[in-house]
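For reference, the chains in residue letters:
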Amino acid sequence: MLGAQMGTRSEQRENQIVRKRKMPRWLLWSLVTIVLWGAWGLVSKVASGGMDAYVNQLLYTAGLAPLLVFVAWTVHRHSTQEKGEHRSMGVFWAFLTGILGGVGNLFFFQAMVAGGKASVVAPVTALFPMITVLLALIFLNERLGRVQWLGLALAFVAIYLLSA
Amino acid sequence: MHLWLGFAVAALVLWGVTGVTQKLSTNRISSERSFLWFCWAMVALSVAVLVVARPHWGLGTLAVACSMAGGALNGLGAWTSFRALESGGKASIVISLISLYPLLTVVLAVLLLGERLTWTQTAGAVIAIAAAILLSIEAPQNAEM
């Protein structure tokens, strides 16, 4: 009986290991992202109780600094073959992304400082793909599927309900 | 309209534009280099904030720790999302999956900060998350409209 139980336990352990091995890496990284960004929404609300949006942005950048150093080192090590005009334009768009993202952060913090609940502000701002989809439709000549049109419609309903 | 909602919508619009500029950038350079210049832009913006905005420094330890943790968590999250895409995850699945992150914020805010939502806001939060997922699903080529 005990032997059978032990056998069952070891089989279960082996199954768990196999299941762990079968978990794709992309799924693991995606779940880690959810945890990191989910926690970010919470700590931003706590931080907004003790400072204004500008100081929050400064300290946010300080928190980002170690990652910046690591990525700079990685880019330096694996220097790619991007060249000339392509690289300059790529850097320009990346820099613009940072500026727009940073000003977006300021508004996000300001929404928290102005009394927005983390549990409401996070879902509202998470609707940003709606703008990306619309801009991609206009400027990148991308087409929308039925599912995305449905998403767009739901986004407007959500904003209305959340602002009630 | 509530003031906080105006700020939240402004953030939504700016982050939405970054979806396009990010695409324009990674079409030309690697995701690592794009992320690096994204970080440098954050540094430049912070310098501008320091010079122009004259921020008020009246800081509690918890707020400082949370704010710095916010930068680290958000930056690491961006990096892990790139890793998910590089590890073979389809963009339509990875982006839809990580769009679930506000669900965790809502749960943590209710449990740890004691926030309470009305039924309307709860419905709105659920629909917002569903909408974000649907918007992130790539249209199949033969189903384009």
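Residues numbered from 1 in each chain as written. Chains lettered and ligands numbered in written order. Predicted model: local features only at pLDDT ≥ 70, side-chain atom pairs only at ≥ 80, totals over all residues.

## So, the domain arrangement of chain B
Part 1 of the argument: Domain boundaries assigned for chain B yield domain 1 (31-88) and domain 2 (90-145).
Part 2 of the argument: Averaged C-alpha coordinates put domain 1 of chain B and domain 2 of chain B at centres separated by 23 Å. (Domains from an automatic or database assignment.)

## Remarks on the interface of chain B and chain A
Part 1 of the argument: Counting residues at the interface gives 107 residues for chain B and 107 residues for chain A.
Part 2 of the argument: Among the elements of the structure, helix 1 (3-26), helix 2 (31-53), helix 3 (61-86), helix 4 (91-98), helix 5 (101-112) and helix 6 (119-136) of chain B are those that each provide at least two residues to the side of chain B that touches chain A.
Part 3 of the argument: Counted by class, the side of chain B that touches chain A contains 72 nonpolar, 29 polar and 6 charged residues. (Contact = placed C-beta atoms within 7 Å. Helix = DSSP H or I, 4+ residues; strand = E, 2+ residues; numbered from the N terminus. Nonpolar A, V, L, I, M, F, W, Y, C, P; charged D, E, K, R; others polar.)

## Remarks on the domain arrangement of chain A
Part 1 of the argument: As assigned here, chain A comprises domain 1 (2-126) and domain 2 (127-164).
Part 2 of the argument: Tallied by class, the residues present in the side of domain 1 of chain A that touches domain 2 of chain A amount to 4 nonpolar, 1 polar and no charged.

## Quick word on helix 7 (residues 146-162) of chain A
Part 1 of the argument: Over its 17 residues, helix 7 of chain A runs 24 Å from end to end, which matches the ideal 24 Å to within 8%, given 1.5 Å per residue.
Part 2 of the argument: By the burial criterion, the buried members of helix 7 of chain A are Gln148(A), Gly151(A), Leu154(A), Ala155(A), Ala158(A), Ile159(A) and Leu162(A). What you see down the axis of helix 7 of chain A is that its buried residues fit within an arc of 140°, all on one side. Turned more than 90 degrees away from the buried face of helix 7 of chain A, the exposed residues are Arg146(A) and Tyr160(A).
Part 3 of the argument: In the core, the buried residues of helix 7 of chain A are packed alongside helix 5 (118-125) and helix 6 (129-139) of chain A together with helix 6 of chain B. (Expected span 1.5 Å × (residues − 1). Buried ≥ 20, exposed ≤ 12 C-beta atoms within 10 Å, placed from the backbone. Arc of directions from axis to C-beta.)

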